[in-house]
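Descriptive analysis of the structure
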Amino acid sequence: MLSRSSFTSLVVGVFAVYVVHTCWVMYGIVYTRPCPAAADGAAGGCVWPYLARKPKLQLSVYTTTRSSIGAESNIDLVLNVEDFDIESKFERTVNVSVPKKTRNNGTLYAFVFLHHAGILPWHDGKQVHIVSPLTTYMVPKPEEINLLTGESDTQQIEAEKQTNALDEPVSHWRSRLTLNVMVEDFVFDGSSLPADVHRYMKMVQLGKTMHYLPILFIDQLSNRVKDLMVINRSTTELPLTVSYDKMSLGKLRFWIHMQDAVYSLQQFGFSEKDTDEVKGIFVDTNLYFLALTFFVATFHLLFDFLAFKNDISFWKKKRSMIGMSTKAVLWRCFSTVIIFLFLLDEQTSLLVLIPAGIGAVIELWKVKKALKMTIRWQGLRPKFQFGTYSESEKKTEEYDAQAMKYLSYLLYPLCIGGAAYSLLNIKYKSWYSWLINSFVNGVYAFGFLFMLPQLFVNYKMKSVAHLPWKAFTYKAFNTFIDDIFAFIITMPTSHRVACFRDDVVFLVYLYQRWLYPVDKSRVNEFGESYEEKSKKKPHRE
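If you look the protein chain up in an unreviewed UniProt entry, it shows as Lipid scramblase CLPTM1L from Cyanoderma ruficeps. Here the protein chain is described in UniProt, under the heading Sequence similarities (unreviewed entry), as follows: "Belongs to the CLPTM1 family." Here is the UniProt Subcellular location (unreviewed entry) comment for the protein chain, exactly as written: "Membrane".

As structure tokens, this is what we get:
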């Protein structure tokens, strides 16, 4: 059986291998080996770029309710760019007619053609095109109202909005269409074409050489939830912003892989809003900062695992609550559960929600250990039994109760006042939403005060030996990493501020660790002292 240290070393080793392997995979994505014969000017086995011939091109965007077209019937031309320059970026907004079928929760498709100027796309044998839906289905955000007056920001008077259930997905309009063309004059090796790019390539034989036509790409990562618009039955026209920019081969391959990853998340049940958080990381972040974010995220994952492991190991072996604030444990459990319910009510990304849920379950288990609670089932009815406390534990409870008494004079009026203010001035979806928001605002704004009882107990006992310092250390690293993620991943502002609040608390714990040196006669987190353990060891002759 592996010891704890060897198991941790194994996890760190696996983590290092994972990081190296990921870097190698990323290098393989960004770097593409060119055709070796191209350096000698030979054409054998190489696939040459058609754009090197400098053809005169035209860009046309059509809309239709069908996913495939064979002629120009039942389609609408919404954008036509003559003398299209692949090197020049642009952005144009056009109004698109919305067919009746689309207004009745149907789908509207955009067909983007890149073809020779002066020739219709379906008459051009060297045209390339790509299809993208301009609509998606999503549950609309519930309307928020003032719970006392019933006033809302927008009065929804349309009959369809009044009759639609809040949990029923409705058709939304994608107001942005982002186009790219790979502009590098790159010569591919015909025998080893990258699979990711190959599906976007269309090749033609020109004389004795094989050429690939311009690679047209639609950037789906730029389709954000904030740009979606609800389609009503009365809507006849909607704006569409078409933007274009050139793209390198390395970025194209990277973007294809990222879009495939987002699609895989959707296949696993992630909603449009969940994947939108992932899209935001790639679209709204500089590529160099994105690479830094990747390394930060991998270390966050490692520290999360090690923190959970050491925290569970600490509480699993703990037999005494000497020096530990039971009130702090209860409050941490309450606040973690409230935060999880708040994030759930706010429909926060699963990237934030899942770790919060795991943390809430662990905190509930720690409460069971702290209260020395056992659960016995009498049929379907549980019976709770609580253990007894020693004299030293009762002394700790006295310090704990004393700290909570002083805190209650400050904390309760602040929480009640904040809840009353939010009820009068802020709009909510429901009374439940107000209740959860009031609790969570109290947790975020004043929750750090509930960490003070543990600091007070440490001060009274002049010791911090009873605390789980390994778990604290890993959580501290994660707290500093969360400070970075607070600016990258979309989350409620109060949750973002709480990340910085934890930094201050940990610094106070560090100061107490420095202030109170190790006393070998004191009990540690497992209810043992160093001197007792020395006495138990057999003497060797």
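We are not done yet, so read on.
**A look at helix α5 (residues 249-267)**
A turn of α-helix holds 3.6 residues, and therefore any two residues three or four places apart point the same way. Between its first and last C-alpha, α5 extends 27 Å over 19 residues, near the 27 Å set by a 1.5 Å rise per residue. Listed as buried for α5 are L249, G250, L252, R253, F254, W255, I256, M258, Q259 and V262. After α5 finishes, the residue G269 shows a positive phi value of roughly 105°.

**So, the packing of α5 against helix α6 (residues 272-283)**
Put simply, α5 and α6 touch, their axes get as near as 9 Å, and they point 160° apart. The orientation of α5 with respect to α6, classified from their angle, is roughly antiparallel. Of the two possible hands of crossing, α5 and α6 adopt the one that is right-handed. On the side of α5, the interface is formed by F254, W255, M258, V262, L265 and Q266, while α6 contributes E272, T275, V278, K279 and F282.

**A few points about the sheet that holds strand β5 (residues 109-116)**
The strand order across the open sheet formed by 4 strands is β3-β2-β5-β6, and the pairing between neighbours is antiparallel. With one partner strand each, in any of the chains shown, β3 (76-84) and β6 (128-133) form the two edges of the open sheet. Across the sheet, the axes of successive neighbouring strands diverge by a mean angle of 15°, strand direction being ignored. Bridging between strand β2 (residues 57-64) and β3 involves 6 bridges; their strand directions are antiparallel. In the strand pairing of β3, Y62 is matched with L77.

**Here's the deal with the pattern of salt bridges**
According to the stated counting rule, one finds 9 salt bridges in the structure shown. Two residues, D83 and K56, come together in a salt bridge whose shortest N-O distance is 3.3 Å. Pair noted here: D83 is in strand β3 and K56 is in the loop between β1 (46-49) and β2, with a separation of 27 residues, a long-range link. In terms of burial, D83 and K56 fall into one category: exposed. The salt bridge involving K89 is made with D245; its shortest N-O contact spans 4.0 Å. Note that K89 is positioned in the loop between β3 and β4 (90-97) and D245 in strand β15 (residues 237-247), a separation of 156 residues in sequence. On the basis of relative accessibility, which here comes to 62%, the residue K89 falls in the exposed class. A residue is classified by how much of its surface remains accessible, and D245, at 30% relative accessible area, is partly exposed.

**Overview of the packing of aromatic side chains**
For the structure shown, the criterion picks out 13 aromatic pairs. Seen in terms of ring centroids, F84 and F90 are 6.4 Å apart; in terms of plane orientation they differ by 90°. Their pairing is edge-to-face. Look at F84 and you get buried, because its relative accessible area is 7%. For F90, a relative accessible area of 16% puts it in the buried group. For the cation-ring pair, R92 lies above F90, with the distance from its terminal atom to the ring centre recorded as 5.1 Å. The ring of W255 carries the charged tip of K251 above its face, separated from the ring centre by 5.2 Å.

**So, the side chain of T63**
Looking at where T63 falls in the secondary structure, it is placed in strand β2. For T63, the residues in contact, after removing those within four places along its chain, are N74, I75, D76, V78, V96, L108, Y109 and L134.

**A few points about the environment of V242**
Within the secondary structure, V242 sits in strand β15. Here the alpha-carbon distance between V242 and F90, two residues 152 residues apart in the chain, equals 8.2 Å. Every residue in contact with V242, bar those within four places of it in the chain, is listed here: L79, F90, E91, R92, L177 and L179.

**Describing the UniProt feature "transmembrane region" (unreviewed entry) in the protein chain**
Within the UniProt annotation, "transmembrane region" (unreviewed entry) is assigned to residues 7-27, 287-308, 329-344, 350-367, 406-424 and 430-452. As annotated, residues 329-344 has a helix share of 100% and a strand share of 0%, and its two end C-alpha atoms lie 23 Å apart. In the segment residues 406-424, helix accounts for 100% and strand for 0%; the C-alpha atoms at its two ends are 29 Å apart.

**Some details on helix α10 (residues 391-425)**
Compared with the 51 Å implied by 1.5 Å per residue over 35 residues, the 50 Å span of α10 between its first and last C-alpha is a close match. The largest bend along α10 measures about 45° and falls at S408.

**A look at the sheet that holds strand β11 (residues 203-206)**
Read across the sheet, 4 strands follow the order β10-β1-β12-β11 without closing on themselves; strand pairing throughout is mixed. Looking at the sheet topology across the chains shown, the edges are occupied by β10 (188-189) and β11. In this structure, β1 lies alongside β10, joined through 2 bridges in antiparallel fashion. Across the sheet, residue V47 finds its bridge partner in β10, namely F188.

**Some words on a nonpolar patch on the surface**
On the surface, a nonpolar cluster with roughly 470 Å² of combined accessible area is contributed by W24, V25, Y27 and Y31. For Y31, the location among the structural elements is in the loop between α1 (4-30) and β1.

**Comments concerning the nonpolar core**
The biggest cluster of nonpolar side chains holds 36 residues, and the ones touching the most others in it are V112 and L177. The contact partners of V112, leaving out residues within four places of it in the chain, are L59, S60, V61, V128, H129, I130, L177, L179, L216 and I218. Of all hydrophobic cores here, the second largest spans 24 residues; its members include L193, M201, I281 and F282.

**Details of the environment of V204**
If you trace the backbone, V204 turns up in strand β11. Of the residues examined, V204 reaches a relative accessible area of 14% and is grouped as buried. For the pair V204 and Y50, spaced 154 residues apart in the sequence, the C-alpha separation amounts to 8.9 Å. Aside from chain neighbours lying at most four places away, what touches V204 is T209, M210, H211 and L213.

**Some remarks on the confidence of the model for the protein chain**
Looking at the protein chain, the pLDDT average stands at 77 and 77% of residues meet or exceed 70. Note that residues 537-541 has pLDDT below 50 and, in this model, 0 contacts with residues that lie over four places away or in other chains.

**Notes on the side chain of R174**
Looking at the element boundaries, R174 is found in strand β8 (residues 170-174). With a relative accessible area of 11%, R174 lands in the buried category. Those residues in contact with R174, other than ones at most four positions away along the chain, are P133, L134, T135, T136, N223, L228, L240 and E272.

Conventions we followed
- Residues numbered from 1 in each chain as written.
- Predicted model: local features only at pLDDT ≥ 70, side-chain atom pairs only at ≥ 80, totals over all residues.
- Heavy atoms only, no water.
- UniProt positions renumbered as here; feature names shortened; annotations may be inferred.
- Helix = DSSP H or I, 4+ residues; strand = E, 2+ residues; numbered from the N terminus.
- Expected span 1.5 Å × (residues − 1).
- Buried < 20%, exposed > 50% of the residue type's maximum accessible area, 1.4 Å probe, protein only.
- Axes fitted to C-alpha atoms, helices over the stretch in contact; angles between N-to-C directions.
- Parallel < 35°, antiparallel > 145°, perpendicular 65-115°, else oblique.
- Left-handed = near helix turned anticlockwise from the far one by under 90°.
- Contact = heavy atoms within 4.5 Å.
- Pairing = 2+ DSSP bridges.
- Salt bridge = Lys/Arg side-chain N within 4 Å of Asp/Glu carboxyl O.
- Phe/Tyr/Trp six-rings, centres within 6.5 Å; stacked < 30°, edge-to-face > 60°.
- Lys NZ or Arg CZ within 6 Å of the ring centre and 35° of its normal.
- Bend = angle between axes of the 7 residues up to and from the residue.
- Patch = residues over 30% accessible without salt bridge, like charges linked within 9 Å, V, L, I, M, F, W, Y side chains within 5 Å.
- Areas by Shrake-Rupley, 256 points an atom, 1.4 Å probe, with all protein chains shown as cover.
- Core = buried A, V, L, I, M, F, W, Y, C linked by side-chain atoms within 4.5 Å.
- pLDDT = per-residue confidence, 0-100.

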